[in-house]
Amino acid sequence: MTLPIQRLGPNDIALMRGINAMFADVFEDPDHYASAPPGDEWLHAQLANPAVIALAALDGAAVVGALTGYVLPKLEQQCSEIYIYDLAVAVSHQRRGIATALIGHLQDMARQIGAWVIYVQADYGDDPAVALYTKLGSREDVMHFDIPPK
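Remember, predicted model here, so these are calculated numbers, not experimental data. (Residues numbered from 1 in each chain as written. Predicted model: local features only at pLDDT ≥ 70, side-chain atom pairs only at ≥ 80, totals over all residues. Heavy atoms only, no water.)

Draft legend 1. Focus on the overall build of the chain. Along the backbone of the chain there are five helices and five strands. Listed by position from the N terminus, the elements making up the chain come as β-α-α-α-β-β-β-α-β-α. The C-alpha radius of gyration of the chain comes to 15 Å, within 12% of the 15 Å expected for a compact globule of 150 residues. Overall, the chain is about 40 × 35 × 35 Å in size when its C-alpha atoms are taken along their principal axes. Within the span of the chain, comprising 150 residues, buried residues form 35% of the whole. In the chain, the proportion of contacts linking residues at least 24 apart, taken out of those at least 6 apart, comes to 60%. When the accessible surface of the chain is split by element, carbon and sulfur atoms take 54% of a total near 9,900 Å². Each charge class in the chain can be summarised by its mean position, and for the 9 positive and 18 negative side chains these summaries are 6 Å apart. (Helix = DSSP H or I, 4+ residues; strand = E, 2+ residues; numbered from the N terminus. Rg over C-alpha atoms; globule rule 2.2 N^0.38 Å. Buried < 20%, exposed > 50% of the residue type's maximum accessible area, 1.4 Å probe, protein only. Contact = heavy atoms within 4.5 Å. Areas by Shrake-Rupley, 256 points an atom, 1.4 Å probe, with all protein chains shown as cover. Lys, Arg positive; Asp, Glu negative; His and termini not counted. Charge placed at Lys NZ, Arg CZ, Asp CG, Glu CD.)

Draft legend 2. Expanded view of the packing of aromatic side chains. If you walk through the whole model with that rule in mind, you get six aromatic pairs. Plain terms: the ring middles of Tyr83 and Tyr85 are 6.2 Å apart, the flat faces sit at 70° to each other, and that makes the pair edge-to-face. Here Tyr83 falls in the buried class, since its relative accessible area comes to 14%. A ring pair is formed by Tyr83 and Tyr119, whose centres lie 5.0 Å apart and whose planes are at 40°; its orientation type is tilted. With Tyr83 in strand 4 (residues 80–89) and Tyr119 in strand 5 (residues 115–120), this residue pair connects regions lying 36 residues apart in the sequence. (Phe/Tyr/Trp six-rings, centres within 6.5 Å; stacked < 30°, edge-to-face > 60°.)

Draft legend 3. Examining the environment of Met16 more closely. Among the structural elements, Met16 can be located in helix 1 (residues 13–26). Note: C-alpha distance between Met16 and Ala122 (106 residues apart in sequence) is 23 Å. In contact with Met16, other than residues within four places in its own chain, are Leu8, Leu43, Leu47, Ala54 and Thr68.

Draft legend 4. A look at the sheet that holds strand 5. Spatial strand order, 1-2-3-4-5: five strands in an open sheet with mixed pairing. Of all strands in the sheet, those with a lone pairing partner are strand 1 (5–7) and strand 5, marking the two edges. This sheet shows a mean twist of 25° between the axes of neighbouring strands, independent of strand direction. On top of the sheet, helix 1 reaches strand 1, strand 2 (52–59), strand 3 (62–73) and strand 4; it is set at about 100° to strand 3, its chief contact. Along the sheet face, helix 4 (residues 98–113) touches strand 1, strand 2, strand 3, strand 4 and strand 5 and points at about 165° away from the line of strand 4. (Pairing = 2+ DSSP bridges. Axes fitted to C-alpha atoms, helices over the stretch in contact; angles between N-to-C directions.)

Draft legend 5. Seen up close, the packing of helix 1 against helix 3 (residues 40–48). Orientation of helix 1 relative to helix 3, taken along the N-to-C sense of each, is 95°, at an axis distance of 10 Å. When the interaxial angle is binned, helix 1 and helix 3 end up roughly perpendicular. Residues Ile13, Met16 and Arg17 of helix 1 form the contact with helix 3, whose participating residues are Asp40, Leu43, His44 and Leu47. (Parallel < 35°, antiparallel > 145°, perpendicular 65-115°, else oblique.)

Draft legend 6. Just the side chain of Asp12, in detail. Mapped onto the fold, Asp12 is located in the loop between strand 1 and helix 1. No salt bridge is formed by the buried Asp12. Its closest oppositely charged neighbour is Arg7, at 8.8 Å. A polar contact of 3.4 Å, which involves the side chain of Asp12, links it to the side chain of Gln6. Excluding residues that lie within four positions of it along the chain, Asp12 makes contacts with Gln6, Arg7 and Leu47. (Salt bridge = Lys/Arg side-chain N within 4 Å of Asp/Glu carboxyl O. Polar contact = N/O pair within 3.5 Å; in protein donor to acceptor, adjacent residues only side chain to side chain.)

Take a look at the structure:
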């Protein structure tokens, strides 16, 4: 299935809200994605930031797949990495190559900006994500820690 993929810009606030609604549904996490939505000014500023990446796969006007990520400039070399923070496809559109297409679009972007790698985390037990990422890249087993601010 080939659907248009759009990188959101500062005026795509409604699309970003659609992405968050889809994430809330697919991840079954409305507390995180829907309980305290950011204001329009916040979304406008974040979507204007070139280091913030929001991609939407659209079926007509409906967001049916999305990826959010961040460009991380490095200090040990003159290069960047891209971190995929969220990637999901609506249940009605899964298993149609949309996630792979979103990552492919991100790979093109990474090449254009000179990023040397794209990296992503997957949770144990999320077999579809692990299978997708294994197909597209090499696996590193690492530990992840959340450290709260003081």
